[in-house]
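# Structural characterization, general
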Amino acid sequence: MRDRLLGEAGGNPLALLELPRTLTSQQLAGSDPLPERLPLSARLAQVFLQRVRRLPQATQTLLLVAAAEDTGELATILAAGGVLAVDKEALEPAEQVGLVQVVDSTLAFRHPLVRSAIYQAATFTARQAAHRALIAVLQGGQQAERRAWHLAAPPPSPLMSAPRPRRGRGHARAGRRPHPGGGTPAAACTLLLEGARLLLDPDPDQATELLVLAAQAALAAGELDTLVNQIHPVVARLNAHRPGQEDVRVQRVARSLAAAGLVKVPPAAIAQDRSGEAATTWPPPAFTWTWPMLILVEPAVDNVTADQLSARSVEARRAAGTVSALTAALANLMLVEASLGRWQPAISHATEGLRLARETGQDTTAGYFLAWPAWLAAFQGRAEDCRRLAEEALAMAIPRRLLGVAGLAAWTLANLDLTEGRPAAALERLRALATPGHPTAYAPVALLATGQLVDAAAQAGALEGMEPFVARFERWAQRDQRTWTLVVARRCRALITQGPAAEQHYQAALAVEGMSTRPTELARTELAYGQWLRRARRRSDARVHLRTALELFVRLGAAPWAERARAELRASGQTARTRDPSTRQQLTPQERQVAGLASQGLTNQQIAEQLFLSSHTVGYHLHKLYAKLEITSRADLAQLDLDDAGH
């Protein structure tokens with residue numbers, strides 16, 4: 001058994017990350033038996049930790065210093081121990097029980113899990129003291145990068161993972177991935193920016209990585225001006241000295257924030273960025289605002305869709321066993337699937353991501369994974385689930401000043417208010433998103449929620465004062481011309497426009513290229529247009545759009561919205577009929593071709609090449625046939641017998 005434990009743990013350097021956070025203090029101290037459900041590698045880590053707990057306190061302190069400074073330089077470790085009033089004799093008990101070994105001037109842990117167990121089990125205060133002691137002894141210009149790294153560690157609640165700075169003089173790059181933070185993302189941003197400045201000359205690559213992490217922390221904390229006016233200029237200066245090797249991650253987000261009017265920058269700075277770059281990069285800027293980890297996602301490549309790119313990223317991280325990176329990749333995939341109307345896979349990946357975030361102590365990350373599934377639950381009418389998840393996210397976010405998470409959770413609850421027919425309550429929540437000083441105020445989410453804001457105002461009969469919100473969104477849509485931004489901008493303009501002119505805006509929204517790939521926005525636009533037509537006494541025209549809205553809401557699983565579409569159809573003089581299996585016979589010949597190829601697992605692009613169509617047209621056919629067949633995925637399609645369809 002002992003050999004088996006050692007073998008498994010040795011092959012899994014991230015074994016400790018599998019350790020659930022539900023262990024009791026007695027189990028950590030070694031007085032209770034370890035639960036059998038733990039992975040063997042995690043059980044081994046606990047065996048090591050129990051051995052550590054039996055050592056004198058001074059020895060435990062020195063071991064924590066050694067775990068925090070993973071170069072193994074004995075002189076540095078002992079010097080830092082001296083700062084903490086621990087002398088070198090304290091190391092002997094650890095050697096005697098076989099936890100560490102000293103050879104010449106180097107200290108080595110006998111097993112990789114010993115270091116992880118010691119560091120992860122320590123309190124935040126103890127880890128912080130160890131890092132500060134190491135900063136105190138790492139003096140001089142040659143130690144700048146090591147001081148910077150210790151300055152950015154450790155976290156009480158991880159926000160994101162930072163790579164260990166590369167060593168000079170032949171040191172190997174460390175495997176441990178510490179997390180920046182000082183209790184809040186705002187504190188993490190300050191520490192990371194300070195650390196990056198120390199590394200500008202000795203290691204510009206590592207300085208850039210710290211700046212990217214600082215930008216992520218700034219987004220989470222709502223420190224948007226810091227990102228654009230402090231972090232971005234430093235990255236720009238670094239890029240100027242590295243032609244052909246520029247890092248554009250922070251640049252993309254800074255430009256998009258400026259273009260959206262979310263930060264104060266000189267007008268000339270915005271004018272220089274009218275190139276449309278933001279509209280051709282992945283991920284969309286809006287995704288980076290609501291999920292800061294997305295700054296790290298790989299850029300899209302030719303003939304690879306966003307969902308394919310994200311799925312590949314998940315599989316690569318899963319195969320590599322990099323838990324922190326896998327957590328971020330799952331979030332990327334979750335957001336893409338949600339935007340494409342694939343709600344069930346999105347919820348599944350969010351559930352896995354939430355579990356990983358919790359098990360690895362990434363409390364901030366867990367907040368995002370709570371907010372997004374709650375957002376989907378609101379549309380599906382799962383009110384209890386929505387409230388539970390959103391309120392848990394708020395309870396986590398507000399004390400920690402995680403403004404991004406708090407804003408998302410408030411937006412979610414506003415969506416639930418709209419779904420359940422409480423537009424006035426929704427309007428109050430959505431206005432709070434743009435009210436400085438409110439606990440849920442977060443400018444990026446306030447901008448993204450413009451569609452729901454105007455919808456709530458229209459339903460509540462309170463459209464007065466909506467023009468500035470719509471105009472701001474339209475300005476952003478012109479700079480970032482994506483399907484979603486254009487559709488929402490045009491639908492909002494239609495909602496606040498009086499008389500026949502509104503119809504032009506509804507039609508313009510439905511004509512946006514790629515509309516079929518955004519079923520949620522398509523359904524809401526069809527419903528709004530159908531409602532407008534019915535109220536204009538054009539009942540026959542209204543039914544066409546209301547039927548389409550109903551089909552889309554049914555396919556999405558948005559039961560409350562489907563019922564709203566049925567009610568509008570009844571008001572137009574028509575009762576919505578229930579689909580039956582014979583519906584598949586209404587497929588057109590081309591829909592049958594697309595269905596057959598899609599059921600074989602071909603992508604939209606591959607189908608388009610075989611049928612000499614555009615991928616946009618293939619997506620449109622899939623949208624129509626999914627609604628006719630009352631299914632939601634290619635997997636469902638593969639289960640159907642389509643031989644008699646369309647005859």
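Fair warning: this is a prediction, and the values are worked out from it, not measured in the lab.

Our next topic: the overall build of the chain. When helices and strands are tallied, the chain shows 34 helices and two strands. Expressed as a percentage of its 647 residues, the buried residues of the chain come to 54%. Restricting the contact set of the chain to residue pairs at least 6 apart, pairs at least 24 apart contribute 63%.

Relative orientation and spacing of two packed helices are given, respectively, by the angle between their axes and the distance between those axes. Where helix 4 (residues 57-68) contacts helix 5 (residues 74-83), the axes come no closer than 9 Å and their chain directions differ by 130 degrees. By the criterion of interaxial angle, the relationship of helix 4 to helix 5 is oblique. When the axes of helix 4 and helix 5 are compared, the crossing they make is right-handed. Packed against helix 4, whose contacting residues are L62, V65 and A66, the element helix 5 presents I77, L78, A80 and G81 at the interface. Here the residues of the contact of helix 4 with helix 5 sort into six nonpolar, one polar and no charged.

The next thing to look at is the packing of helix 19 (residues 363-380) against helix 21 (residues 403-419). Orientation of helix 19 relative to helix 21, taken along the N-to-C sense of each, is 10 degrees, at an axis distance of 9 Å. Viewed along their axes, helix 19 and helix 21 adopt a mutual orientation that is roughly parallel. Two secondary-structure elements touch here, helix 19 through T364, G367, Y368, A371, W372, A374, W375, A378 and F379 and helix 21 through G404, V405, L408, A409, W411, T412, N415, L416 and T419. Partitioning the contact of helix 19 with helix 21 into residue classes produces 12 nonpolar, six polar and no charged.

It is worth spelling out the packing of aromatic side chains at this point. In this structure the tally under the stated criterion is 13 aromatic pairs. Judged by centre distance (5.4 Å) and plane angle (85 degrees), the ring pair of F473 and W476 falls under edge-to-face. Linking F473 with W476, this pair stays in helix 25 (residues 467-479), spanning three residues, or about one helical turn. We classify F473 as buried; its relative accessible area is 1%. By relative accessible area, W476 is classed as buried at 1%. An aromatic cluster is present here, built from W343, W372, W375, F379, W411, F553 and W561 joined pairwise through their rings. Stacked on the ring of Y119, the Lys or Arg R127 has its end atom at 5.3 Å from the ring centre. Over the ring of W561 we find R564; its NZ or CZ atom is 4.3 Å from the centre of that ring.

This part covers the confidence of the model for the chain. In low-pLDDT segments, the atomic positions of the prediction should not be examined closely. A residue-level look at the chain finds 79% of positions with pLDDT of 70 or above and a mean pLDDT of 78. Of the regions scoring below 50 in pLDDT, residues 1-41 engages in 68 contacts with residues more than four places distant in sequence or in other chains. In the model, residues 156-182 has pLDDT below 50 throughout and makes 95 contacts with residues more than four positions away in sequence or in other chains.

With that out of the way, let us pick up the side chain of Q452. Positionally, Q452 belongs in helix 24 (residues 450-460). Classification of Q452 by relative accessible area gives buried; the value is 5%. With near-sequence residues (within four places) excluded, Q452 lies in contact with W375, F379, W411, N415, L418, L430 and R524.

Attention now moves to the environment of T351. The topology assignment puts T351 in helix 18 (residues 343-359). When the C-alpha atoms of T351 and P373 are compared, they prove to be 8.1 Å apart, with 22 residues separating the residues in sequence. Side-chain polar atoms of T351 contact the backbone oxygen of I347, separated by 2.8 Å.

Under the definition given, this model contains 21 salt bridges. Between E392 and R358 there is a salt bridge whose closest N-O contact spans 2.4 Å. Of this pair, E392 sits in helix 20 (residues 383-400) while R358 is found in helix 18, placing the two residues 34 residues apart along the sequence. Look at the salt bridges and you will find they share partners, linking R387, D417, E420, R422 and R429 into a network.

The next point concerns unusual backbone geometry. Its identity is not glycine, yet D104 carries a phi of approximately 55 degrees, on the positive side. Among the secondary structure elements, D104 is positioned in the loop between strand 1 (100-103) and strand 2 (106-109). Accessibility expressed as a relative area gives 74% for D104, which makes it exposed. Although it is not a glycine, R537 sits at a positive phi angle of roughly 65 degrees.

Before going further, it helps to spend a moment on the nonpolar core. If you look at the biggest cluster of nonpolar residues, it comprises 133 residues, and the most contacted ones within it are L227, I231, L257, W289, F369, W411 and F553. Here this core takes 11 residues from helix 11 (residues 204-221), the largest share from any one element. In contact with L257, not counting residues within four places along its chain, are L219, L224, L227, V228, L262, V263 and W289. In terms of nonpolar packing, the next biggest core, distinct from the first, is built from 30 residues, A80, L91, Y119 and L138 among them.

Another aspect to go through is the pairing of strand 1. In terms of strand pairing, strand 1 meets strand 2 through four bridges, oriented antiparallel. Its bridge partner lying in strand 2, Q101 is registered against A108. Counting the residues in the hairpin turn of strand 1 and strand 2 gives two residues, including D104, whose phi is positive at 55 degrees.

Our next topic: helix 28 (residues 519-535). For helix 28, built from 17 residues, the straight-helix expectation of 24 Å at 1.5 Å per residue is met to within 8% by its first-to-last C-alpha distance of 24 Å. Among the 17 residues of helix 28, 15 are classified as buried, and the element is accordingly described as predominantly covered. A positive phi of about 65 degrees marks R537, the residue just after helix 28.

Reading the values: rules and limits
- Residues numbered from 1 in each chain as written.
- Predicted model: local features only at pLDDT ≥ 70, side-chain atom pairs only at ≥ 80, totals over all residues.
- Heavy atoms only, no water.
- Helix = DSSP H or I, 4+ residues; strand = E, 2+ residues; numbered from the N terminus.
- Buried < 20%, exposed > 50% of the residue type's maximum accessible area, 1.4 Å probe, protein only.
- Contact = heavy atoms within 4.5 Å.
- Axes fitted to C-alpha atoms, helices over the stretch in contact; angles between N-to-C directions.
- Parallel < 35°, antiparallel > 145°, perpendicular 65-115°, else oblique.
- Left-handed = near helix turned anticlockwise from the far one by under 90°.
- Nonpolar A, V, L, I, M, F, W, Y, C, P; charged D, E, K, R; others polar.
- Phe/Tyr/Trp six-rings, centres within 6.5 Å; stacked < 30°, edge-to-face > 60°.
- Lys NZ or Arg CZ within 6 Å of the ring centre and 35° of its normal.
- pLDDT = per-residue confidence, 0-100.
- Polar contact = N/O pair within 3.5 Å; in protein donor to acceptor, adjacent residues only side chain to side chain.
- Salt bridge = Lys/Arg side-chain N within 4 Å of Asp/Glu carboxyl O.
- Core = buried A, V, L, I, M, F, W, Y, C linked by side-chain atoms within 4.5 Å.
- Pairing = 2+ DSSP bridges.
- Expected span 1.5 Å × (residues − 1).

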